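Summary of the model geometry
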Amino acid sequence: MLVSSRATVVSAAAPHRFLANFNGISSVSSSTSFNSSFINDEREKKIKPTVGWSKHSSIRMDKKKNPFVTSATASAAAQPLQNADALIDSVETFIFDCDGVIWKGDKLIEGVPETLELLRSKGKRLVFVTNNSTKSRKQYGKKFETLGLNVNEEEIFASSFAAAAYLQSINFPKDKKIYVIGEEGILIELELAGYSYLGGPEDGGKKIELKPGFLMEHDKDVGAVVVGFDRYFNYYKVQYGTLCVRENPGCLFLATNRDAVTHLTDAQEWAGGGSMVGALVGSTQREPLVVGKPSTFMMDYLANKFGITKSQICMVGDRLDTDILFGQNGGCKTLLVLSGVTSLSMLQNPNNSIQPDFYTNKISDFLSLKAATV
């Protein structure tokens, strides 16, 4: 029998109930709409995020809170995975992070194809969730194919897609524009959702020539700023996004993720999307709504789309503060792999309060860890 060491996850007053009806996700009313008359009357206060605005009510949050993030009580120490079959048999669905779990940069991690084949042969549903917003779902599908993995586009959920899906879920008006600090993946998903946007890689070469009396103009019709990982990040984008968030009434501030580091290559870690988001947090004095991990928005979306009971899901990832917290916030089993960001010493550090149910070296351990009993 598989015994979980994870402590109870406590919901922060089920904050996601404000969502408009989006394919069955908990909602208040299908009439929820973007309130363009909202006035930023709290700019002089400490950092405050804005979420979606209903014509019936406004939702504001204290610093560091997110309507999709819940908090967990202290957990018992994670157990090494000793019986992979027991874990496999205990769930119906495996959600895998990609960077550091399936691949590093453009290099496939050893044993991944055989592991995925094993799980599919046992009738398990596989879903791949990544905080990397540089690609769309279709583009990620091509990456899987290039690496020799047979993964359907419908099994892939990137934070670029989550940004567009979130805006749809709150009925963000199609006559409003979205300013993007990020790359092509976000632009593609916004376009597929029917939204108008500006910014992105196109603004990567723009510079500001500071002269006496210079005033930078910005589009007053921008109703949301979406920030993701951006290799073309510059001061022009920071200033433009800042003006939109601070001066356009009711402008939303969304982040695809706040990852500190990412794997652009397999040789080292690189500054992640959290560094771009942090610049806007500093300049706007506002906290963003994060739609990627560890936010539960994607978990709720996936559970609804596939009809999955969350207790029948195992989240597999290499990061404690995104992947494992994502699984715990969603009420899933969690497995940490040490093939990416988190090392064993980091996991066992006395200051680390995020403990997965189990940990192992890499997902291909599913192929060999069968003999012992948990």
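What comes next is a walk through the structure.

1. Points about the overall build of the protein chain
Across its full length, the protein chain holds 10 helices and 20 strands. Within the structure as shown, the protein chain displays about 16000 Å² of accessible surface, and the carbon and sulfur contribution to it stands at 49%.

2. Here's the deal with the nonpolar core
The biggest cluster of nonpolar side chains holds 36 residues, and the ones touching the most others in it are Ile95, Phe157, Leu167, Phe172, Ile178 and Leu190. Broken down by secondary-structure element, the contributors of at least two residues to this core are β9 (125-130), α4 (159-169), β11 (177-181), α5 (184-192), β13 (222-227), β14 (252-255), α8 (297-306) and β18 (313-317). Per-element tally for this core: the top contributor is α4, with 7 residues. Excluding anything up to four places from it in sequence, Phe157 contacts Val127, Phe128, Val129, Thr130, Arg137, Met298, Tyr301, Leu302, Lys305 and Phe306. Formed by 32 residues, the second largest nonpolar core is a distinct cluster that contains Leu87, Val91, Phe94 and Ile156.

3. Quick word on the sheet that holds strand β17 (residues 289-290)
Across the sheet, which stays open at both edges, the 5 strands sit in the order β12-β11-β13-β14-β17 with parallel pairing between neighbours. Strands at the two margins of the open sheet, each flanked by one partner only, are β12 (196-199) and β17. Across 5 bridges, β11 lies against β13 in parallel orientation. Counterpart to Tyr179 in the pairing with β13 is Val225. Helix-sheet contacts for α5 involve β11, β12 and β13, and the interaxial angle to β11 is about 160 degrees. Together, β11, β12, β13 and β14 form the strand contacts of helix α6 (residues 235-247), whose direction differs from that of β11 by roughly 145 degrees.

Cut-offs and rules
- Residues numbered from 1 in each chain as written.
- Predicted model: local features only at pLDDT ≥ 70, side-chain atom pairs only at ≥ 80, totals over all residues.
- Heavy atoms only, no water.
- Helix = DSSP H or I, 4+ residues; strand = E, 2+ residues; numbered from the N terminus.
- Areas by Shrake-Rupley, 256 points an atom, 1.4 Å probe, with all protein chains shown as cover.
- Core = buried A, V, L, I, M, F, W, Y, C linked by side-chain atoms within 4.5 Å.
- Buried < 20%, exposed > 50% of the residue type's maximum accessible area, 1.4 Å probe, protein only.
- Contact = heavy atoms within 4.5 Å.
- Pairing = 2+ DSSP bridges.
- Axes fitted to C-alpha atoms, helices over the stretch in contact; angles between N-to-C directions.

All we've got here are geometric facts, nothing functional implied.
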